[in-house]
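Structural description and commentary
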Amino acid sequence: MNRRAFLTSLGTVSATGLAGCSDVLNDDIPAGSLQFENRDDLPHVIGVSVVDVGAEPRSEPDRYGVAGDVSVPPQQRELTASSSVAPGETQTFKNIFTEPVYYLVEFTVDGTVPETGGRIPFNPSPSGREYDNTLMGVVYASGEFSYGVSSTGNAGRFEQ
């Protein structure tokens, strides 16, 4: 097995382990924050756009969505963020998602929707949960992409 194939398989295993799961508890970053991490040796532009908002997540064959009507400020319905992330760099953007609703977000890497981690539902402060959440997008050394949801004890603007 060549090095590239080995790294790709490791990235796929890591992406599978991270995608859609709650990650380690992070008490420093406030709920609703967004992180971009670049573990590759090349710089990448990582982006995220809100495609839709809803009251609950839904799953369809081969894709995720959100359902139900919610009231959110227009800027939260049309939210986009992207940044050039240097090799080995992690960037944190605090308090990006400001409403306790499900955001259907779509990641891009270098302007293209990746095969893994395309559209996913994210709620920074789901009701009935002990912890709130942050969202992250990661580019691995193999060039593969994944997203992750991390729990945080820092409720930030969602403090009850």
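Given the structure is predicted, the values throughout are model-derived calculations rather than measurements.

What counts and what doesn't
- Residues numbered from 1 in each chain as written.
- Predicted model: local features only at pLDDT ≥ 70, side-chain atom pairs only at ≥ 80, totals over all residues.
- Heavy atoms only, no water.
- Buried < 20%, exposed > 50% of the residue type's maximum accessible area, 1.4 Å probe, protein only.
- Helix = DSSP H or I, 4+ residues; strand = E, 2+ residues; numbered from the N terminus.
- Pairing = 2+ DSSP bridges.
- Axes fitted to C-alpha atoms, helices over the stretch in contact; angles between N-to-C directions.
- Phe/Tyr/Trp six-rings, centres within 6.5 Å; stacked < 30°, edge-to-face > 60°.
- Salt bridge = Lys/Arg side-chain N within 4 Å of Asp/Glu carboxyl O.

Describing the pairing of strand 10 (residues 132-139)
Among the 8 residues that make up strand 10, 8 are buried, leaving the element largely enclosed by the rest of the structure. The two faces of strand 10 match: Asp132, Thr134, Met136 and Val138 on one face and Asn133, Leu135, Gly137 and Val139 on the other face are all buried. Of the strand pairs in this sheet, strand 2 (residues 34-38) and strand 10 are connected by 5 bridges, and their pairing is parallel. Along strand 10, the bridge assignment pairs leucine 34 with leucine 135. Two elements, strand 10 and strand 11 (residues 145-152), share 8 bridges in a ladder whose sense is antiparallel. Among the inter-strand pairings, valine 139 is bridged to a residue of strand 11, identified as phenylalanine 145. Turn length for the strand 10-strand 11 hairpin, with the two strands adjacent in sequence and antiparallel, is 5 residues, and the turn residue glycine 143 shows positive phi of about 90°.

Quick look at the sheet that holds strand 6 (residues 80-85)
Strands sit in the order 6-3-8-9 across an open sheet of 4 strands; the sheet is antiparallel. At either margin of the open sheet sits one strand with a lone partner, and together these are strand 6 and strand 9 (119-122). Here the average twist between neighbouring strands, direction ignored, is 25°. Bridge analysis of strand 8 (residues 102-109) against strand 9 gives 4 bridges, and the strand direction is antiparallel. Within the sheet, the bridge partner assigned to valine 105 lies in strand 9 and is isoleucine 120.

Concerning the packing of aromatic side chains
Following the criterion strictly, the structure yields 4 aromatic pairs and no others. Arranged with centres 5.6 Å apart and planes meeting at 65°, the rings of phenylalanine 36 and phenylalanine 93 form a pair that is edge-to-face. Within this pair, whereas phenylalanine 36 is found in strand 2, its partner phenylalanine 93 is found in strand 7 (residues 90-93), the two being separated by 57 residues in sequence. The exposure class of phenylalanine 93 is partly exposed, given its relative accessible area of 28%. Residues phenylalanine 97 and phenylalanine 122 carry aromatic rings whose centres are separated by 5.1 Å and whose planes lie at 65° to one another, so their mutual orientation is edge-to-face. Here phenylalanine 97 is found in the loop between strand 7 and strand 8, whereas its partner phenylalanine 122 is found in strand 9, with 25 residues between them in sequence. With respect to burial, phenylalanine 97 and phenylalanine 122 carry one shared label: buried. Each member of the aromatic cluster is reached from another via a ring pair, and the members are Phe97, Tyr103 and Phe122.

So, the pattern of salt bridges
Overall, the coordinates contain 2 salt bridges when judged by the stated rule. Glutamate 37 is the salt-bridge partner of arginine 39, the closest N and O atoms lying 2.8 Å from each other. Measuring nitrogen to oxygen at the nearest pair gives 3.0 Å for the salt bridge that ties arginine 119 to glutamate 106. Of this pair, arginine 119 sits in strand 9 while glutamate 106 sits in strand 8, and the two are 13 residues apart along the sequence.

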